[in-house]
Amino acid sequence: MNLRLRMCLVGLSLVSLGSGYVYQCEPGTDPTLCSVWNFQYNGDEKPLPAVNMPSGVKKVRFVIEQYYYDRHLDINRYDAVLHSTILKNPSSVQAIYNRMTELHMPTNLQTGEFQHNSISKVLTDSNKLYEVTYLDLLYNSLEDISNLTALVHLKTLNLEGNRIGELNASTFAGMHNLSMLYLGRNHIHKVNIKVFPQGLTNLWLLSNMITELDIVGASLPALNVLDLEDNGLATIDLPALFAACPALRVLPIALNPMQEGEAKRIIAELNRQNVSHYFGQMDGRCDSDEFEVSNICFPDYVFPGRSIWKAFVLLVLAVILVAVFVGSVRWIWYQMRY
């Protein structure tokens, strides 16, 4: 083997060792999109993995086969090394079901889909400008969203299914382009409408723990949809709401603990204002512990007298069961003695 061939083989070996495992980026229907299968990255690999990126690709989708879950292969964090060094700065990234815990927001990312991970930290720098306009963090582990303040170009932000308990007025203050905001299925108890940007057209707050909705002095002139389903609201100040949101056309209110008379009054006023109180078609099939008004359901435990009687009956039944059990044990013990 001549010297030139030997040097060539050594060089190839060094390149392989220096770049780590090379993943293929499989083309998709969109010539700018490719899929990377079963990619593993935790930020500490030596050497770094590499992705064979075809020219023209700007959108990357990470895909994991089911058997890889059992081996715990995943992307632990999305950081600058992964985004810039390995992926060569794609404008769009989709990483779903990857057990990701940290998202270091790239400044040049425009679309990010990171649903169904375990992200508890979104790291940003207030001194940098971020291009992202669409960010989906559905079903993660976020409690503190203050770092999202720097993402001023956002148009759509999905934070549904996280652990958010409080909304800070400064978080959305600079998001003047934000029109779609999903905050459903969090742990929010109180909402001041004034914390949201005036350009919002859709605001989802369903399935939280909201007992207080502060509307006075707020202004959301473009808001069309406000979803308040499945919260803890006993009433809604409709005059204040219509003053704050004159373009409102959909206000779902099912499964809030309203008394029947209050629910009927609110629905009648919504109908008079031509505002829908539910999405699509409702079948009116309520559970045994719910009552129905205008084809939507409300929890039946809101009636004080009835809830007290239910509690009393359950307590009596529990006492009877305990007494029967104790009596049975004593009778068996007495019989065994003879």
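Numbers given for residues are sequential positions, taken from 1 along each chain in its written order. The model is predicted, so local features are restricted to residues of pLDDT at least 70 and side-chain atom pairs to those at 80 or more, both for listing and for counting; the totals for chains, interfaces and linings are taken over all residues. The basis for every side-chain value is the complete set of heavy atoms in the structure, and neither hydrogens nor water enter the calculation.

Under an unreviewed UniProt entry, the protein chain has the name Leucine rich immune protein (Coil-less) and belongs to Anopheles atroparvus.

1. A word on the confidence of the model for the protein chain
The predictor's confidence in any single residue is recorded as pLDDT, a number from 0 to 100. Residues of the protein chain with pLDDT of at least 70 account for 80%, and the chain-wide mean is 87. Of the regions scoring below 50 in pLDDT, residues 1–18 engages in five contacts with residues more than four places distant in sequence or in other chains. Low pLDDT, under 50, characterises residues 303–309; the predicted model gives this stretch six contacts beyond four residues in sequence or across chains. By the convention used here, residues are in contact when the closest approach between their heavy atoms is within 4.5 Å.

2. Quick notes on the sheet that holds strand S1 (residues 22–27)
Pairs of strands are assigned from DSSP output, requiring at least two bridges between the strands. Every helix listed is a DSSP run of H or I at least four residues long, and every strand listed is a run of E at least two residues long, numbered separately from the N terminus. Strands sit in the order S3-S1-S2-S4-S6-S8-S10-S11-S12-S14-S16 across an open sheet of 11 strands; the sheet is mixed. This sheet does not close on itself; its edge strands, each paired only once, are strand S3 (50–52) and strand S16 (225–227). With strand direction ignored, the average angle separating the axes of adjacent strands in the sheet is 15°. The sheet contact formed by strand S2 (residues 33–37) and strand S4 (residues 59–63) spans five bridges and is parallel. Bridging from a neighbouring strand, Trp37 pairs with Val63 of S4. Under this scheme, a helix contributes an axis fitted over its contacting stretch, all axes are lines through C-alpha atoms, and angles between N-to-C directions fall in the 0 to 180 degree range.

3. Regarding the nonpolar core
Side-chain atoms within 4.5 Å are what join buried Ala, Val, Leu, Ile, Met, Phe, Trp, Tyr and Cys residues into a set we call a nonpolar core. When a residue's accessible area, from a 1.4 Å probe over protein chains only, is under 20% of the maximum for its type it is buried; when over 50% it is exposed; and in between it is partly exposed. Formed by 82 residues in total, the largest nonpolar core has its most connected members in Phe114, Leu135 and Phe196. Per-element accounting of this core gives the leading share, five residues, to helix H4 (residues 238–244). Ignoring any residue separated from it by four or fewer positions in sequence, one finds Phe196 in contact with Leu167, Phe172, Leu181, Leu183, Val191, Leu203 and Leu220.

4. Observations concerning the sheet that holds strand S5 (residues 77–78)
Reading across the sheet, the three strands line up as S5-S7-S9 and stay open at both edges, with parallel pairing between neighbours. The open sheet has two edge strands, S5 and strand S9 (121–123), and neither has a second partner. In terms of strand pairing, strand S7 (residues 102–104) meets S9 through three bridges, oriented parallel. Each bridged residue has a counterpart across the sheet, and for Glu102 the counterpart in S9 is Lys121.

5. Let's talk about the packing of aromatic side chains
Only Phe, Tyr and Trp rings take part, Trp by its six-membered ring, and two of them pair if their centres are within 6.5 Å. Stacked means planes under 30 degrees apart, edge-to-face means over 60, and tilted covers everything else. Applying the stated criterion to the full structure yields eight aromatic pairs. An angle of 45° between the planes, with centres 5.8 Å apart, marks the rings of Phe172 and Phe196 as tilted. Highlighted residues: Phe172 in the loop between strand S11 (156–158) and strand S12 (180–182) and Phe196 in the loop between strand S13 (190–192) and strand S14 (202–204), separated in sequence by 24 residues. Note on accessibility: Phe172 and Phe196 belong to one class, buried. Taking the centre distance of 4.5 Å and the plane angle of 10° together, the rings of Tyr182 and Trp204 count as stacked. Residue Tyr182 is found in strand S12, and its partner Trp204 is found in strand S14; the two are separated by 22 residues along the sequence. Classification of Trp204 by relative accessible area gives buried; the value is 15%. Through a chain of ring-to-ring contacts, the aromatic side chains of Tyr21, Tyr23, Phe39, Tyr41 and Phe62 assemble into a single cluster.

6. A closer look at the state of the cysteines
Whenever a pair of cysteine sulfur atoms sits within 2.5 Å, that pair is classed as a disulfide. Inspection of every chain in the model, using the stated rule, returns two disulfides. Shown here is the disulfide that connects Cys25 with Cys34, its sulfur atoms set 1.5 Å apart. Linking Cys25 and Cys34, the disulfide has an S-S dihedral of approximately 45° and is accordingly described as right-handed. Like Cys25, the residue Cys34 is buried in the burial classification. Numbered by position along the chain, the disulfide-linked cysteines of the protein chain connect as 1-2, 3-4.

7. Comments concerning the side chain of Ser35
In this fold, Ser35 is placed in strand S2. Judged by relative accessible area, Ser35 falls into the buried class, the value being 7%. The contacts of Ser35, once residues within four sequence positions are left out, are Gln24, Cys25, Glu26, Arg61 and Val63.

8. What about the pairing of strand S17 (residues 290–293)?
Only one face of S17 is buried: it carries Phe291 and Val293, and the other face, with Glu290 and Glu292, is open. Pairing between S17 and strand S18 (residues 296–299): four bridges, direction antiparallel. Paired with Val293 across the strands is Ile296, a residue of S18. Count of turn residues in the S17/S18 antiparallel hairpin: two residues, of which Ser294 carries a positive phi of about 55°.

9. Focus on the pairing of S2
As judged from the three bridges shared by S1 and S2, these two strands associate in the antiparallel manner. Opposite Glu26, over in S2, you have Ser35 as the bridge partner. Hairpin remark: S1 followed by S2, antiparallel, with five residues in the connecting loop.

10. With respect to unusual backbone geometry
Here the residue pair Lys46 and Pro47 is connected by a cis peptide bond, since its omega of 0° sits within 30 degrees of zero. The residue Pro47 is located in the loop between S2 and S3 in this model. Although it is not a glycine, Asn38 sits at a positive phi angle of roughly 55°. By secondary structure assignment, the location of Asn38 is in the loop between S2 and S3. Classification of Asn38 as buried rests on a relative accessible area of 10%.

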